[in-house]
Amino acid sequence: MAFEPVVLFFLLGVIAGLAKSDLKIPTSIYDALSVYLLLAIGIAGGVKLAESELLPLILPGLAVLAVGCLIPLVCFPVLRFLGSFPRSDAASLAAHYGSVSVVTFSVAVAFLAQAGLDYEGHMVVFLVLLEIPALVIGILLARLGMAGKTRWGKTLGEIFFGKSIFLLIGGLVIGYAAGPDHIGPLEPLFFDLFKGLLAFFLLEMGLVAASKITDLRDYGKFLIGFAIAMPIFSATLGILLGWGLGMSLGGTLLLATLYASASYIAAPAAMRIAVPDANPVLSIGASLGVTFPFNIFVGVPLYFWMAETLYSMGG
Amino acid sequence: MAFEPVVLFFLLGVIAGLAKSDLKIPTSIYDALSVYLLLAIGIAGGVKLAESELLPLILPGLAVLAVGCLIPLVCFPVLRFLGSFPRSDAASLAAHYGSVSVVTFSVAVAFLAQAGLDYEGHMVVFLVLLEIPALVIGILLARLGMAGKTRWGKTLGEIFFGKSIFLLIGGLVIGYAAGPDHIGPLEPLFFDLFKGLLAFFLLEMGLVAASKITDLRDYGKFLIGFAIAMPIFSATLGILLGWGLGMSLGGTLLLATLYASASYIAAPAAMRIAVPDANPVLSIGASLGVTFPFNIFVGVPLYFWMAETLYSMGG
Amino acid sequence: MAFEPVVLFFLLGVIAGLAKSDLKIPTSIYDALSVYLLLAIGIAGGVKLAESELLPLILPGLAVLAVGCLIPLVCFPVLRFLGSFPRSDAASLAAHYGSVSVVTFSVAVAFLAQAGLDYEGHMVVFLVLLEIPALVIGILLARLGMAGKTRWGKTLGEIFFGKSIFLLIGGLVIGYAAGPDHIGPLEPLFFDLFKGLLAFFLLEMGLVAASKITDLRDYGKFLIGFAIAMPIFSATLGILLGWGLGMSLGGTLLLATLYASASYIAAPAAMRIAVPDANPVLSIGASLGVTFPFNIFVGVPLYFWMAETLYSMGG
Amino acid sequence: MESPQKYLLTIVSESILEDRMIEEVRALGATGYTVSDARGWGKHGKRRGKWRQDSNVRIEVVGSQELCETICARFKEEYQADFGLLLLMTPVLLKN
Amino acid sequence: MESPQKYLLTIVSESILEDRMIEEVRALGATGYTVSDARGWGKHGKRRGKWRQDSNVRIEVVGSQELCETICARFKEEYQADFGLLLLMTPVLLKN
Amino acid sequence: MESPQKYLLTIVSESILEDRMIEEVRALGATGYTVSDARGWGKHGKRRGKWRQDSNVRIEVVGSQELCETICARFKEEYQADFGLLLLMTPVLLKN
Ligand SMILES: Nc1ncnc2c1ncn2[C@@H]1O[C@H](COP(=O)(O)O)[C@@H](O)[C@H]1O
Ligand SMILES: Nc1ncnc2c1ncn2[C@@H]1O[C@H](COP(=O)(O)O)[C@@H](O)[C@H]1O
Ligand SMILES: Nc1ncnc2c1ncn2[C@@H]1O[C@H](COP(=O)(O)O)[C@@H](O)[C@H]1O
Ligand code: NA
Ligand code: NA
Ligand code: NA
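Described below are features of the structure shown in this document. Keep in mind the model is a prediction, meaning the values are calculated, not measured. Every chain's residues receive numbers from 1 upward, in the order its sequence appears when written. Each chain gets a letter, beginning with A, and each ligand a number, beginning with 1, in the order they are written. Where totals are concerned, whole chains, interfaces and linings use all residues; where local detail is concerned, this predicted model gives features only for residues with pLDDT of at least 70, and gives and counts side-chain atom pairs only at 80 or more. Excluded from the side-chain calculations are hydrogens and water; all other atoms, namely the structure's heavy atoms, are used.

As for the overall build of chain A
1) Next: Segments assigned H or I by DSSP are reported as helices when at least four residues long, segments assigned E as strands when at least two residues long, and all are numbered from the N terminus. A count of helical and extended segments in chain A gives 15 helices and 0 strands.
2) Next: A radius of gyration in this sense is built from C-alpha atoms; the matching globule rule multiplies 2.2 Å by the number of residues raised to 0.38. Computed over C-alpha atoms, the radius of gyration of chain A comes to 19 Å, within 12% of the 20 Å expected from 2.2 N^0.38 for 315 residues, which places it in the range of a compact globule.
3) Next: Based on the C-alpha atoms only, the size of chain A along its principal axes is roughly 55 × 50 × 45 Å.
4) Next: Remark: exposure states derive from per-residue accessible area (1.4 Å probe, protein chains only) relative to the maximum for the residue type, with buried under 20%, exposed over 50%, and partly exposed in between. Out of the 315 residues belonging to chain A, those deemed buried represent 63%.

In structure tokens form, the structure reads like this:
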């Protein structure tokens, strides 16, 4: 199986964080790198998209979206009734796990590059599509039993013009407009440096994750179990769907990873505004402190192995 | 005509700004990128310069400088008497439009690269030469009718050791000293990444420009008209001069762009200190909110078309 | 002799600092670049190490370490008795000059690349080994005549999990784990951009050094003399040892540079906590304001010339 | 302008609320405000200042006692339950 | 050093004035100052803290009433007309 | 919570002491603290805020007079001799 040194940087960050090293990556660098990653992922997808036809994507897109809406609807009752979480916490966690993580996606892309496998350019379109609906569902779930107005205008603005959606779509459009012919001069920054800068970003994420793990300790084992079991369940859905839709092995891995990943940029921002009584320590702790490392170290190779097995049987 | 995807990043930034997206590029990244761009432009010019003779540049340099001094002297009466601006505002705007914008220049350089055209290395020397005199003229114009002392010492220090002049000259000297033989190890950062980092910088400039456009709205149509007509006038001077001096088509485009561009780094800093009663919202609003986007979207291709027409007629 | 344009950036920074230019490189960029340099040096060493055997390094490593411990023990009496410095200042300076500077090492690496010479991969291991003992010796020297407890726990934590040691070791391990086979995707960032980013870093260091030189002026000529003579003495030890151990010319230059260099990241942080009554202006002023520029402009070429002469005689 | 007693109201809260709070401060009639970044710890746990959702802002408003009290009351009601919040008032001399 | 009543003078103004103001503060006899970055809005419009010409600094000086008043008077005269400026004085207990 | 008189203790010191001071502040019983970055100049020389060893932090603690006095006494004894240090206390109205 392909060994991807990039994840070691995350580990390095976690160790530094737990050992209380004075290693710090300034917030501004973190912010700039996240802008970079979102743009780079968008541009790469856009360039690929410029070479493929868009019409045949509508039906598969709807199927991908439907499963994406299913996931938070599965999460919620599990957390609410099995985990006995308060309604707003269950809803917020459902939104986090229904939405997606761009960095987890990036690690899977790096994994595919290492393995020498290609993937469909429109995966990035799916990434964009999957970020939003779970957030809306999460807010609705939180509101169901409650009086009081939701600031929908604010909230939807926060979601649609939130930087992750905005930069992904912006990158997609620029990559599509430039196409393979004009993207050349942007390649050294947005393509060649991608892995190196992802490594740098993961180092910082490790530092942050270390503090989140510590925060989470107080919240018991159920949540930690959920943060590991849920991604495996979601990834399984993704593998079956990708295979059913006749996607390439690489594309299926990315779809599984998208479903398995939990948001820690778009969702926390949206939930803090729309469901303020949910405890952010729970959701960020679970998504960033448990699910993210699980996915990049164990999940991605595991989903790959599962998909490969299915494809070799199916083929 | 060559399509340059880099300007799309500016558009993306403007949209994010107008839509009040939470997209923010930290000040420190912006500052670092501007240091980078100034150095990179300087180094590229210096390396080119190392291959050319310097003596034959003196006379053309003087001509370029003379026209550069003419521009603020045209701006001032137009603004003061046609636009009825107060003396200090007219003087400050004249300084901004007489001076030059390194990023506009960079976009034109990127445009030439896309079109596969070369340009004279000493264009960067002209860039340096043109930044300063208009600032001095602007200050003199502001002072003419006024009592009170100008802090010339401070002001000239601010201008000459201001980071834009300083880094451009520093880059020129380093590029010249290294020459094509020793510049190799610096190429990946300063040459290969140039366009990508320029794109990133333009994204941030779009965010800032969006807020400046909003600020400007209150100041009426005359200024907006000026901010579009003046660059076309100045560019025309540049095209005629470049053609008259026998410069290459690429070099002429750059000269036209230099004249057409308005400063928004060196000039605001100098004017705020030397002409503090001028309203900075006016000058930054016009130069960054109107002239800069006009130049990169419409101006550069227009000036190129004008120059090409002249050269094909003249040739 | 090889001309290395990278050091010109340091000069540019010093001039900007002394001329009170408004050029500033944000702290966050400085911090990120220092993380980058430490990782890049570590990774490069790790990749080289993956191709060599580790066992034969133990004995030479001990010799290198022994001489490394000798240097602060020579510095201390010189400063205490010849220079009449208070005990804690002498001890702190001894720690700074016994420890090493990663950026000076990087400049020597760049120098070797320019000269087309290779070096042993385990030099980076020596770099790591040499950072620590001098700090411990410095603290012991300061404590000898003194009552009161040293916060050894805190101090050693600060040293071992201090970011310089931590990132160097982390980089070494990642580079070693990835090896030449898997490092490819990280090369554009960590190898190709190394010199360019080092140049950027040196620009910032020049700015800082300028202010330190000014601070130092008040502390007399003895310290300035020490800051020049001591590195030459230490480098001589390094050249003799490298030659005695049968190292390559490149490796010997690096060893000499390590001994000659004075720490200004790890040592100041450790000494400020462990020997708080030492005046940090003295030690940072000497190491950053005098020894660092001396080493990169004069020292590295000088040590190279010394080593070359010895090798041509000895060979 | 050395007018009746002015107060400096200092609000420390979560960065994510910056834009919203500023809007409200202006709507309630403040003639100005000053914002700076901070990090901290309180009843709602440690905010490390390393992460947008995790960092604090300090918002300062100089105004009449009445204005400051109004803002305090509003913010306390609106944010106290769900967000990190510190509200301080100090009498100051406004010198311009 | 728990000496006569000290005051904390807080100056919020444009970043571009930082060096100049610090020089003047020292020339007027202050024994120290503290500077931090800020953004804000007032009579001279919104300063977003995203741009050198556009951001604010907060300069704080602890000193005698006389010193603080002198600085206030000087800065008010020199900068009030053309620059964003806020001047506040607060009595404080200096504990070291 | 508009309880007995509260004080705002402002500590300006070297960045390198941030973690240590915060630990002590908590150990001495503070219920919260706020930290922000600063630069400055005082008896121990100019700190430019451009370098870890060279920059300042401002640590603020709101608490009872007793708590603030205890922290002041402790920090003065422990840090005054070797580190840049400024300690200020201001009476404030805690509004939440
Ligand atoms: N006693 C205190 N002293 C200083 N700052 C405080 C105090 N309590 C709270 N804060 C600040 O206010 C923020 C929110 O407080 P809390 O709502 O108590 O979590 C904290 O993150 C601190 O920055
Ligand atoms: N009422 C106020 N409360 C707090 N800060 C203010 C106030 N008025 C002005 N400021 C600050 O002082 C700066 C300059 O004020 P001005 O001269 O009114 O534009 C503003 O950008 C704010 O940061
Ligand atoms: N008089 C003062 N006014 C404002 N800040 C001060 C004053 N004295 C000292 N400081 C701050 O406290 C830090 C340490 O002070 P010192 O111990 O005097 O060097 C300085 O770097 C300043 O940031
Ligand atoms: Na998901
Ligand atoms: Na111009
Ligand atoms: Na050494």
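A closer look at the site of ligand 2
1) Next: We call a residue near a molecule or strand when any one of its heavy atoms sits within 4 Å of it. Lining the immediate surroundings of ligand 2 are 18 residues, of which Thr34 of chain D together with Lys43, His44, Asn56 and Leu85 of chain E lie closest.
2) Next: Ligand 2 sits at the junction of chains D and E, each of which supplies nearby residues.
3) Next: Thr34 of chain D is positioned with one of its side-chain polar atoms (N or O) 2.8 Å from an oxygen atom of ligand 2.
4) Next: Throughout this description, a polar contact denotes any pair of N or O atoms lying within 3.5 Å of each other; where both atoms belong to protein, one of them has to be capable of donating a hydrogen while the other can accept it, and for residues adjacent in sequence the pair is counted only when both atoms sit in side chains. Between Leu85 of chain E and ligand 2, the recorded distance is 2.7 Å, taken from a backbone N or O atom to an oxygen atom.
5) Next: Surface exposure here means Shrake-Rupley accessible area, sampled with a 1.4 Å probe, where a residue is shielded only by the protein chains that are shown. Relative to its free-state accessible area of 470 Å², ligand 2 is covered by the protein chains to the extent of 98%.
6) Next: Those elements giving two or more residues to the shell around ligand 2 turn out to be strand 2 (33-41) and strand 3 (56-64) of chain D together with strand 2 (33-41) and strand 4 (85-94) of chain E.
7) Next: Per-element accounting of the shell around ligand 2 gives the leading share, 3 residues, to strand 3 of chain D.
8) Next: Amino acids outside the nonpolar list (Ala, Val, Leu, Ile, Met, Phe, Trp, Tyr, Cys, Pro) and the charged list (Asp, Glu, Lys, Arg) are all regarded as polar, and Gly is one of them. Partitioned by chemical class, the residues of the shell around ligand 2 number 7 nonpolar, 8 polar and 3 charged.

Examining a negative patch on the surface
1) Next: A residue counts toward a patch only above 30% relative accessible area and without a salt bridge, and it is joined to like-charged neighbours within 9 Å or, for Val, Leu, Ile, Met, Phe, Trp and Tyr, to nonpolar neighbours within 5 Å. We define a salt bridge as a contact between a side-chain nitrogen of Lys or Arg and a carboxyl oxygen of Asp or Glu at a distance within 4 Å. Residues counted as positive are Lys and Arg, residues counted as negative are Asp and Glu, and His and the chain ends are not counted. Think of each charge as sitting on NZ of Lys, CZ of Arg, CG of Asp or CD of Glu. A surface patch of negative charge is lined by Glu187 and Asp192 of chain A, Glu187 and Asp192 of chain B together with Asp192 of chain C.
2) Next: Elements supplying a minimum of two residues to the negative patch: helix 10 (187-192) of chain A together with helix 10 (187-192) of chain B.
3) Next: Mapped onto the secondary structure, Glu187 of chain B falls in helix 10.

Some thoughts on the coordination of the sodium ion (ligand 5)
Residues and elements named next belong to chain B.
1) Next: Surrounding the sodium ion (ligand 5) are the protein donor atoms Tyr97 (O), Ser99 (O), Leu258 (O), Tyr259 (O) and Ser261 (O), which sit 2.3 to 3.1 Å from the metal.
2) Next: Within one chain, the residues donating to the sodium ion (ligand 5) are spaced in sequence as Y-x1-S-x158-L-Y-x1-S. Accessibility classification places Tyr97 together with Ser99 in one group, the buried group. Because water is not among the atoms used, a metal site may look incomplete, as its donors are only the N, O and S atoms within 2.8 Å, or 3.2 Å for Na, K and Ca.

Let's talk about the coordination of the sodium ion (ligand 4)
All names here are of chain A.
1) Next: Here the sodium ion (ligand 4) is held by Tyr97 (O), Ser99 (O), Leu258 (O), Tyr259 (O) and Ser261 (O), and the distances to it run 2.4 to 3.1 Å.
2) Next: Taken in sequence order, the residues that donate to the sodium ion (ligand 4) follow the motif Y-x1-S-x158-L-Y-x1-S. With Ser99 in the loop between helix 4 (87-98) and helix 5 (102-115) and Leu258 in helix 13 (residues 249-260), this pair connects stretches of sequence that are 159 residues apart.
3) Next: For Ser99, a relative accessible area of 0% puts it in the buried group.

Regarding the relation of the copies chain A and chain C
1) Next: Overlay of chain A on chain C (RMSD 0.0 Å): rotation 120°, translation along the axis 0.0 Å. Between the two chains, the operation in question is that of a three-fold axis. Across chain A, the rotation axis passes nearest the C-alpha of Ser28 of chain A, at a separation of 4.0 Å.
2) Next: Comparing contact sets, just 12% of the residues at the interface of chain A also lie at the interface in chain C, consistent with a heterologous contact between different surfaces. Least squares is the method for superposing the copies, and the C-alpha atoms it fits come from residues with pLDDT of at least 70 in both. Any two residues having at least one pair of non-hydrogen atoms within 4.5 Å are treated as being in contact.

Some details on unusual backbone geometry
1) Next: Of note, the phi angle at Ser84 of chain A is positive, near 55°, even though the residue is not glycine.
2) Next: With respect to the helices, strands and loops of the structure, Ser84 of chain A is situated in the loop between helix 3 (58-82) and helix 4.

Brief notes about the interface of chain A and chain C
Accessible area lost when the parts come together is the quantity often used to give the size of an interface.
1) Next: In this assembly, 25 residues from chain A lie in contact with 24 residues from chain C.
2) Next: Buried area, as used here, totals the accessible surface that two parts lose on assembly, with accessibility defined by a 1.4 Å probe and the loss added over both. At the boundary of chain A with chain C, total buried surface from both sides reaches about 2100 Å², with 83% on carbon and sulfur atoms.
3) Next: The largest per-residue losses of area from chain A upon contact with chain C belong to Phe9, Leu12 and Phe200 of chain A, which jointly make up 23% of the total buried on that side.
4) Next: Our enumeration of links across chain A and chain C arrives at 0 salt bridges.

Quick look at the interface of chain C and chain F
1) Next: Taken together, the 23 residues of chain C in the interface contact 14 residues of chain F.
2) Next: Here chain C and chain F share an interface that buries about 1500 Å² over both sides, 50% of which is from carbon and sulfur atoms.
3) Next: Counting the contacts that link chain C with chain F gives 1 salt bridge.
4) Next: Here Arg272 of chain C ties to Glu14 of chain F by a salt bridge, and the two come within 3.0 Å at their closest N and O atoms.
5) Next: Taken together, chain C and chain F are joined by 2 residue pairs in polar contact (both at pLDDT 80 or more).
6) Next: Elements represented by at least two residues in the side of chain C that touches chain F include exactly helix 2 (27-49), helix 8 (152-160), helix 11 (194-216), helix 14 (266-274) and helix 15 (280-314) of chain C.
7) Next: If you tally residues by element for the side of chain C that touches chain F, the top one is helix 11 of chain C, at 5 residues.
8) Next: Residue classes in the side of chain C that touches chain F are distributed as 12 nonpolar, 2 polar and 9 charged.

Considerations on the pairing of strand 4 (residues 85-94) of chain D
1) Next: Counting buried residues along strand 4 of chain D, 7 of its 10 residues qualify, which places the element largely inside the surrounding structure.
2) Next: Paired strands, in this sense, are two strands between which DSSP finds at least two bridges. Bridge count for strand 1 (residues 6-14) of chain D against strand 4 of chain D is 8 bridges, and the pairing is antiparallel. What sits directly across from Tyr7 of chain D, in strand 4 of chain D, is Pro91 of chain D.
3) Next: Judged from the 2 bridges that link them, strand 4 of chain D and strand 4 (residues 85-94) of chain F form a sheet pairing that is antiparallel. Residue pairing across strands places Leu88 of chain D opposite Leu94 of chain F, the latter belonging to strand 4 of chain F.

Notes on the site of ligand 3
1) Next: Residues in contact with ligand 3 amount to 18 residues; listed here are only the nearest, Thr34 of chain E together with Lys43, His44, Asn56 and Leu85 of chain F.
2) Next: The local environment of ligand 3 is shared, drawing residues from chains E and F.
3) Next: The backbone of Trp41 of chain F places a nitrogen or oxygen atom 3.3 Å from an oxygen atom of ligand 3.
4) Next: In isolation ligand 3 has 480 Å² of accessible area, and contact with the protein removes 98% of it.
5) Next: At the level of elements, strand 2 and strand 3 (56-64) of chain E together with strand 2 (33-41) and strand 4 of chain F are the ones that each hand at least two residues to the shell around ligand 3.
6) Next: It is strand 3 of chain E that provides the largest number of residues to the shell around ligand 3, a total of 3 residues.

A short note on the nonpolar core
1) Next: Core analysis: the largest hydrophobic core is formed by 378 residues, its most contacted members being Phe9 and Tyr36 of chain A, Phe9 and Tyr36 of chain B together with Phe9, Tyr36 and Phe190 of chain C.
2) Next: Ranked by the residues each element gives to this core, the list is headed by helix 15 (residues 280-314) of chain B, at 15 residues.
3) Next: Contacts of Phe9 of chain C, omitting those with residues within four sequence positions, involve Leu39, Ile43, Ile174, Leu186 and Phe190 of chain B together with Ala199, Leu202 and Leu203 of chain C.
4) Next: Of all hydrophobic cores here, the second largest spans 27 residues; its members include Ile273 of chain B, Ile11 and Ile59 of chain E together with Trp41 of chain F. What makes a nonpolar core is a set of buried Ala, Val, Leu, Ile, Met, Phe, Trp, Tyr and Cys residues whose side-chain atoms join them at distances within 4.5 Å.

Considerations on the packing of aromatic side chains
1) Next: Here the aromatic set is Phe, Tyr and Trp, taking the six-membered ring for Trp, and pairing holds for ring centres within 6.5 Å; pairs whose planes are under 30 degrees apart are stacked, those over 60 apart are edge-to-face, and all others are tilted. Using the criterion set out here, one finds 36 aromatic pairs over all chains in the structure.
2) Next: Ring geometry for Tyr264 of chain C against Phe292 of chain C: centres 5.8 Å apart, planes inclined by 70°, an arrangement best described as edge-to-face. Note that Tyr264 of chain C is positioned in the loop between helix 13 (249-260) and helix 14 and Phe292 of chain C in helix 15, a separation of 28 residues in sequence.
3) Next: On the basis of relative accessible area, Tyr264 of chain C is assigned to the buried category, the value being 2%.
4) Next: Here a set of aromatic residues connected by ring pairs shows up, and it is made of Phe10, Tyr264, Phe292 and Phe297 of chain A.

Describing the pattern of salt bridges
1) Next: Under the defined criterion, the tally for this structure stands at 22 salt bridges over all chains.
2) Next: Linking Arg39 of chain D and Glu18 of chain F is a salt bridge whose minimum nitrogen-to-oxygen distance equals 3.0 Å. With Arg39 of chain D in strand 2 and Glu18 of chain F in helix 1 (residues 18-27), the pair connects residues from two separate chains. Both residues of the pair, Arg39 of chain D and Glu18 of chain F, count as buried.

With respect to a positive patch on the surface
1) Next: Residues Lys20 and Lys24 of chain A, Lys46 of chain D together with Arg26 of chain F make up a contiguous surface patch of positive charge.
2) Next: Tracing the chain through its elements places Lys24 of chain A in the loop between helix 1 (6-18) and helix 2 (27-49).

Thoughts on a nonpolar patch on the surface
1) Next: On the surface, Leu11, Ile15, Phe297 and Val298 of chain A together with Leu156, Phe160 and Phe161 of chain C cluster together into a nonpolar patch covering about 540 Å² of accessible area.
2) Next: For the nonpolar patch, the secondary-structure elements that each account for two or more residues are helix 1 and helix 15 (280-314) of chain A together with helix 8 of chain C.
3) Next: As for its placement among the helices and strands, Leu156 of chain C is situated in helix 8.
4) Next: Judged by its relative accessible area of 30%, Leu156 of chain C falls in the partly exposed class.

Geometry only, nothing functional implied.
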